[in-house]
Amino acid sequence: MNSGVSDSPSLEEKLSEINNHLQIRVYLSGYTLTLADCYAWIKLTQLWDSKISHLHTRYVHLFRWYNYLTSLDAFKEIETKIAESQDKKSKRTAGIYAPLDNAEKGKVVTRFPPEPSGYLHIGHIKAALLNSYYANHYEGVLILRFDDTNPTKEKVEYEESIVQDLKTIGFVAAKTTYTSDYFDNILEVAERLIKQGDAFVDLSTQDEIKLQRANKEPSPYRNTSPEDNMSLWQEMKQGTEKGKNCVLRIKINPADDNGALRDPAIYRCVDMHHARTGDKFKVYPLYDFACPIVDSLEGVTHAMRSSEYHDRNDQYQKIIEITGVRPVIINDFSRLNFTYTLLSKRKLQTFVDKGYVPGWDDPRFPTIQGLLRRGLTVEALKEFITEQGSSKATNLMDINKLWAINRGIIDPIVPRYFALVKKDAVVVDLSGGPSTPTPRTCLLRRTNPSLGTKTMIFYNKILLELEDINLLKPDGEEVTLMNWGNAIFQKYHKDGSGKIVSIDATLNENGDFKATTWKLHWLAQTNDLIDVKLVHFDHLITKEKIVKGENFEDFINPNSRTEIDVWGEPALKSVKAGDKIQFERKGYYRCDSVPTNPGEPYVFFEIPDGHQKKEKKKGIQTEDS
C-alpha cells in the first residue's frame, strides 16, 4: 500500500485508503514504528491546517493514529522543526527588505532611472521592483525617469520596450520624467562650478586623462582660470572642432585612492540630434553628474543603487556637497549575477550588432522580452526577484533556480500533447486496433480536467520513436501506449544495416499498465499529423564567469540554438502563439509561431525546467499516463 499523501485532487481518496488500512492496525506497516509512519505523518503535518484538520470525524482511525504519534516526544520535536521550516520558507519566499534610514510614511520618494539604450534585463527588473516596494511600503511616490543623457546610444525603440516591459510586470509610477527635462538646470549648475573654480575644461586626450587618473596625477589644465575655462566651455557649447576635443571635469581630488573621485568628467561635447531636445544642446551631462542633481530636484529621498555603483557612491555625495543641492540618502542592493550569463548592455548590444542573435528579444538573452519569449511567466519572475529582497550580498547564482520556480507554476496548468522526432519514427502494425482512423475524446490533462479535452486519433498503424524501441527486449515485450492501453510487441523488421524499420504488435487494451516497464507516447500514422519544429537553446557563452581582462567573444557558444523536426498530433491545431504546453516525455514548450503559409511548421521553444540536464522520462508511470 502507498502510505504517502500528496496534495492532489485525489487527496481524500488517499486519506480514506489509509484510514481503512488503520482500522485494525496501530502502525502502517508491521507491528512497530517504521519510516512509512514517519513519512506519512510528516506529510499530514505539512497539510494539517489548510487541508485536513476539519476531516477528523470522517477519518477516525487515521486521526487516532496521527494523534498517537504526535503525542510521542520524538514527533513533538519534529512537529516544531516542521513549523520552523515552513516559517523560514515563507520568510525566504517573501524576501527580507531592510528598513530605509530616516524614512517617514508618506514622505519617501524613490526613482527607477533606466537609460533608453537597450532592452530591460532581469537585473533592471530587480531595481524596478525594489524601488516600487519601498515607495508602496512607505506610502510614498515612485518616479520613472528616463536617463536620456547620451543621444549616441538612445532610441525610441528602447524607450517603448522599457515602457512595455514595466507594464508587463505591473510597475506603476506616479509620474514619468526625463533627465533631459532638467538639462537647463544641470547646465546652470555646471557653469556655476566653472565660475567658482570647482570645475575646469580639460583639453587632454582620452588616453592622457586615463593615464593621469591611473597615476593619480592632476591634469595640466586643472588650474586654468575660471575666465579661460568659460571661454573653452563656450567652444564646447557651440560644438566647435576645439570644443569637441574637450571635457568638463569637476575638481574633487586627483590623488584619491577611490578612482571615482579623481576629478571625474561631468560634461562632454556631442554634436548629435536629441530625441526630446532636438539640436538645442551640443553638450550633455554624464550620468554620474546628472543623477544626484536630478534626484535632488525631483525630491527623491532614497536612491536605490546596485552594488556595481558602490565605488561611485562617494562621488555621488561629493557632487551633492560641491553643488550645494539637497542631500539624498543612498541605499545599496546587490546586483544580480548569473552563471553563463552576460548582463552588460554593451556586450548584449555586441551580440545583436554582430548577428550572434537576431534581436534583443532572443530567447537566449536575459532581457525580459527574451525570457518571456522563452516561456518564463511574469509570476515566476516576480517571485524570484521578491525572494532576493534588499540584500547587499553579491553572489553568482544559477539561473536554473528561476526556471525551477517557473516550472512549479506552469506544471499543473499546461495541457499535454504527443510529438515524435520525424527521422526516428518507426511504423507499428497494431493488430486489434481500429482498421480506420478513429477519433476519441481525451482529457488534455487527467490531473486537471478544467483544461478541457482534445481529440486523439486511434488506428492500427501507429508511430513510435526508434530511441524508445531500442530499449525494448529483442524477443518482444508488452508496453503501455499512453492514453490507450497495452500492446505486445512480437516481431521486429530490420533493414540491411540492422536498423528497425517496422514492428508487428498486438493491442492488449485491457492489459495491466502497472506490470509494464515502458510507458510510450505514440501517434496514429495518418496524413493529418502536424509539422512541428522544436527549438532548444543553450547558454550564449561557454564560460561560467567572464573575468576582468577576458574577451567575452572568445567564449561565444557556436551551438547555442538547435532545431528538431517532429510530428505532432492533430490536436495541436488549437494551439496559439504564446501558449505554453508540455510534450509528453520531452518537456515544456512555448509556441513561438503558428503557420501563416502552406508548408510552414508550428515553432515551439523549449522552456527550461530548472535542471542542469533533462533526460527523457522512460518507464515511469505518472498520473497522466
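Within each chain, residues carry numbers counting from 1 in the order of the written sequence. Reporting in this predicted model follows two pLDDT cut-offs: at least 70 for local features of residues, and 80 or more for side-chain atom pairs to be given and counted; totals over whole chains, interfaces and linings ignore these cut-offs and use all residues. For the side-chain quantities, the full set of heavy atoms in the structure was used; hydrogens and water were omitted.

**Remarks on unusual backbone geometry**
With glycine set apart, most residues show a phi of negative sign, and most peptide bonds adopt trans. The residue Glu 139 is not glycine, and still its phi comes out positive at about 55°. Tracing the sequence through the fold places Glu 139 in the loop between helix H5 (122-137) and strand E2 (141-146). Only protein chains enter the accessibility calculation, which uses a 1.4 Å probe; a residue is then buried when its area is under 20% of its type maximum, exposed when over 50%, and partly exposed in between. Take Glu 139: its relative accessible area is 56%, and that puts it in the exposed class. Positioned with a positive phi, Lys 216 is a non-glycine residue whose angle comes to about 60°. Numbering of helices and strands runs from the N terminus; a helix is a DSSP stretch of H or I covering at least four residues, while a strand is a stretch of E covering at least two. By the element assignment, Lys 216 lies in the loop between helix H8 (206-214) and helix H9 (226-238).

**Overview of the environment of Thr 436**
When you line up the elements, Thr 436 lands in the loop between strand E14 (425-431) and strand E15 (438-443). A C-alpha to C-alpha distance of 30 Å links Thr 436 and Asn 597, two positions 161 residues apart in sequence. By the convention used here, residues are in contact when the closest approach between their heavy atoms is within 4.5 Å. In this view, Thr 436 contacts Phe 458 and Tyr 459; residues no more than four positions away in its chain are not counted.

**Side note on the pattern of salt bridges**
The rule for a salt bridge is simple: a side-chain nitrogen of Lys or Arg has to be within 4 Å of a carboxyl oxygen of Asp or Glu. For the coordinates displayed, the defined rule picks out 35 salt bridges. A salt bridge links Glu 104 to Lys 107, with the nearest nitrogen and oxygen atoms 3.3 Å apart. A network of salt bridges, in which partner residues are shared, links Arg 111, Arg 145, Asp 295 and Glu 298.

**Considering the packing of aromatic side chains**
Pairing of aromatic rings covers Phe, Tyr and Trp, the last through its six-membered ring, and needs centres within 6.5 Å; plane angles under 30 degrees mean stacked, over 60 mean edge-to-face, and all others mean tilted. The final tally for this structure, using the stated rule, is 27 aromatic pairs. A ring pair is formed by Trp 484 and Trp 522, whose centres lie 4.9 Å apart and whose planes are at 45°; its orientation type is tilted. Residue Trp 484 is found in the loop between strand E18 (477-481) and strand E19 (485-494), and its partner Trp 522 is found in the loop between strand E21 (519-520) and strand E22 (523-524); the two are separated by 38 residues along the sequence. In this scheme, the term charge over a ring applies when either NZ of a lysine or CZ of an arginine sits within 6 Å of the ring centre and within 35 degrees of the ring normal. In this structure, Arg 440 is placed above the aromatic ring of Phe 458, and the distance from its NZ or CZ to the ring centre is 4.3 Å.

**A closer look at the sheet that holds E2**
Think of it this way: DSSP has to see at least two bridges between two strands before they count as a pair. Taken together, 3 strands build an open sheet; the order of strands is E1-E2-E3 and the sheet is parallel. Only two strands of the sheet have a single neighbouring strand rather than two, namely strand E1 (109-112) and strand E3 (175-178). Each neighbouring strand pair of the sheet contributes to a mean axis angle of 30°, computed without reference to strand direction. Across 4 bridges, the pairing between E1 and E2 is parallel. Across the sheet, the residue bridging to Arg 111 is Ile 143, located in E2. For helices, the fitted axis covers only the stretch in contact; all axes are lines through C-alpha atoms, and the angles between them, taken along N-to-C directions, range from 0 to 180 degrees. Where H5 meets the sheet, it contacts E1 and E2, and its direction lies at approximately 165° from that of E1.

**With respect to the packing of helix H15 (residues 378-388) against helix H16 (residues 400-410)**
For any two helices packed against each other, the geometry is given by the interaxial angle and the distance between the axes. Between H15 and H16, whose axes approach to 9 Å, the crossing angle comes to 130°. Here H15 lies oblique to H16, going by the angle between them. Both H15 and H16 take part in a crossing whose hand is right-handed. In this structure, H15 contributes Glu 379, Ala 380, Leu 381, Glu 383, Phe 384 and Glu 387 to the contact, and H16 contributes Lys 401, Leu 402, Ile 405, Asn 406 and Ile 409. Residue classes in the contact of H15 with H16 are distributed as 6 nonpolar, 1 polar and 4 charged. If an angle is under 35 degrees, it is roughly parallel; if it is over 145, roughly antiparallel; if it lies from 65 to 115, roughly perpendicular; otherwise it is oblique. The crossing is said to be left-handed when, going from far helix to near helix, the turn is anticlockwise and less than a right angle, and right-handed when the turn is clockwise. When residues are grouped by polarity, Ala, Val, Leu, Ile, Met, Phe, Trp, Tyr, Cys and Pro land in nonpolar, Asp, Glu, Lys and Arg in charged, and all others, Gly among them, in polar.

**Some thoughts on the nonpolar core**
Think of a nonpolar core as a cluster: buried Ala, Val, Leu, Ile, Met, Phe, Trp, Tyr and Cys residues, connected wherever their side-chain atoms sit within 4.5 Å. Judged by nonpolar contacts, the single largest core of 44 residues is most densely connected at Ile 122, Leu 166 and Phe 384. Breaking this core down by element, the ones donating at least two residues are H5, E2, helix H6 (156-168), helix H14 (368-374), H15 and H16. Looking at this core, the element that brings in the most residues is H5, giving 8 residues. Setting aside residues up to four positions removed in sequence, Ile 122 forms contacts with Leu 336, Phe 338, Leu 343, Pro 366, Ile 368, Leu 371, Leu 381, Phe 384, Ile 385 and Leu 402. If you look at the next biggest cluster of nonpolar residues, it comprises 34 residues, including Val 428, Tyr 459, Leu 463 and Leu 472.

**A word on the pairing of strand E8 (residues 302-306)**
Residues in a regular strand point their side chains to alternate faces of the sheet. Buried residues dominate E8, accounting for 5 of its 5 residues. Both faces of E8 are covered, namely the face carrying His 302, Met 304 and Ser 306 and the face carrying Ala 303 and Arg 305. Bridge count between E8 and strand E9 (residues 329-333): 5 bridges; the pairing is parallel. Each bridged residue has a counterpart across the sheet, and for Arg 305 the counterpart in E9 is Asp 332. By the criterion used throughout, a crossover qualifies as right-handed when its path from the first strand across the helix to the second strand runs clockwise, the strands pointing away from the viewer. Crossover handedness for the path E8 to helix H12 (residues 313-323) to E9: right-handed.

**Points about the sheet that holds strand E4 (residues 199-202)**
Ordered in space as E4-E5-E6-E7, the 4 strands form an open sheet in which the pairing is antiparallel. The open sheet terminates on both sides in strands that have one partner only, identified here as E4 and strand E7 (283-285). Taken over all neighbouring pairs, the strand axes of this sheet differ in orientation by 25° on average, direction set aside. As paired strands, strand E5 (residues 247-250) and strand E6 (residues 265-269) are joined by 3 bridges and run antiparallel to one another. Considered in E6, the bridge of Arg 249 is made with Ala 265.

**Notes on the confidence of the model for the chain**
For the chain, per-residue confidence averages 90 on the pLDDT scale, and 91% of positions sit at 70 or higher. pLDDT: the predictor's confidence for each residue, scored from 0 to 100. Note on residues 1-9: pLDDT is under 50 here. Beyond four places in sequence and across chains, it has 24 contacts. Low confidence marks residues 614-625, where pLDDT is under 50. Its contacts with residues over four positions away, or in another chain, come to 37 contacts.

**Some remarks on the side chain of Asp 256**
Residue placement: Asp 256 occurs in the loop between E5 and E6. Working convention for charge: Lys and Arg count positive, Asp and Glu count negative, and His plus the chain ends are omitted. Lacking a salt bridge, the buried Asp 256 has Arg 262 as its closest oppositely charged neighbour, with an N-O distance of 6.2 Å. Two N or O atoms form a polar contact when they lie within 3.5 Å of each other; inside protein one atom must be a possible hydrogen donor and the other a possible acceptor, and for residues adjacent in sequence the pair counts only when both atoms belong to side chains. Among the polar contacts listed, one links the side chain of Asp 256 to the backbone nitrogen of Asn 258, at a separation of 2.8 Å. Residues in contact with Asp 256, not counting those within four places in the same chain, are Lys 216, Leu 261 and Arg 262.

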